[in-house]
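Residue-level structural notes
Given next are the chains, with one letter for each unit.
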Amino acid sequence: GAVVSQHPSWVICKSGTSVKIECRSLDFQATTMFWYRQFPKQSLMLMATSNEGSKATYEQGVEKDKFLINHASLTLSTLTVTSAHPEDSSFYICSIAAPSYNEQFFGPGTRLTVL
Amino acid sequence: KNQVEQSPQSLIILEGKNCTLQCNYTVSPFSNLRWYKQDTGRGPVSLTIMTFSENTKSNGRYTATLDADTKQSSLHITASQLSDSASYICVVSAVYSGGGADGLTFGKGTHLIIQP
């Protein structure tokens, strides 16, 4: 399957700061990437769909001004959590859709802890 | 509303034993069903993917079954190993014209612990 990387793997920041998470597709050009959030013992929740060269599509209830997504190239999408608060502490996972569009490959995730 | 229910929520078994995890869904129109393994602090890794016409699919010691009539799936793990300790997530994909993640419904997963 496709290889997806995320950076950083974990980050701790102070409340009010902004944090950028990178998602890279290492062997596949991904026109679409997806960002998920996962709280402990909960299922993955889709936050937004990142489209290369255009604006991201956000799920209902996800603040687009708080979670900035940039998909500047076919191999890189970034998620920036602006003015982070403790309730934003979570596990953030990205994924890419394979050509068949019925298979997704997930990144290893980024653990965000906001103090 | 599309839903995926998994049971049990958690399971503890001894190394070497077999176990079966259950997944019931109400996703429509159905496209495919996938089982993922998620190690703690890691992203999900695909184990199997089954379409409407497939009843069973194996991946090593993992065997998934699908009954599209009753909308049930199971994941059977044979001769469990310590490395099988993880969360197992059932994900059902609905058929939408655009495809992609907006057609996915995730279960909450079954947390499996293998004890030596």
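Below or above, wherever it landed, is the structure these notes cover. (Residues numbered from 1 in each chain as written. Chains lettered and ligands numbered in written order. Predicted model: local features only at pLDDT ≥ 70, side-chain atom pairs only at ≥ 80, totals over all residues. Heavy atoms only, no water.)

1. Looking at the pattern of salt bridges
All names here are of chain A. Going through the model one piece at a time under the given rule, you end up with four salt bridges over all chains. For R24, the salt bridge is made with E22, and the minimal N-O distance between the two is 3.6 Å. Given the relative accessible area of 34%, R24 is considered partly exposed. Residue classification places E22 among the partly exposed residues on the basis of a relative accessible area of 24%. (Salt bridge = Lys/Arg side-chain N within 4 Å of Asp/Glu carboxyl O. Buried < 20%, exposed > 50% of the residue type's maximum accessible area, 1.4 Å probe, protein only.)

2. Considering the interface of chain A and chain B
Counting residues at the interface gives 17 residues for chain A, matched by 22 residues for chain B. Where chain A packs against chain B, one counts zero salt bridges. The interface formed by chain A and chain B contains three residue pairs in polar contact (both at pLDDT 80 or more). Of all the elements in the fold, those that place two or more residues in the side of chain A that touches chain B are strand 4 (32-38), strand 9 (90-97) and strand 10 (104-106) of chain A. Tallying contributions element by element places strand 4 of chain A first for the side of chain A that touches chain B, with three residues. (Contact = heavy atoms within 4.5 Å. Polar contact = N/O pair within 3.5 Å; in protein donor to acceptor, adjacent residues only side chain to side chain. Helix = DSSP H or I, 4+ residues; strand = E, 2+ residues; numbered from the N terminus.)

3. Here's the deal with the nonpolar core
Most often, soluble globular proteins have nonpolar side chains that are buried together. Ranked by internal contacts, the top residues of the largest apolar core, which has 25 residues, are Y25, L33, W35, L75, Y88 and V92 of chain B. At the level of elements, strand 3 (19-25), strand 4 (30-38), strand 5 (45-51), strand 7 (62-67), strand 8 (72-77), strand 9 (86-94) and strand 11 (110-115) of chain B are the ones that each hand at least two residues to this core. Sorting elements by how many residues they give to this core places strand 9 of chain B first, with five residues. Beyond its immediate sequence surroundings of up to four residues, L33 of chain B is in contact with C23, Y25, T48, I49, M50, L66, S73, C90, V91 and V92 of chain B. Ranked by size, the runner-up nonpolar core spans 23 residues in total, among them C13, C23, V62 and L79 of chain A. (Core = buried A, V, L, I, M, F, W, Y, C linked by side-chain atoms within 4.5 Å.)

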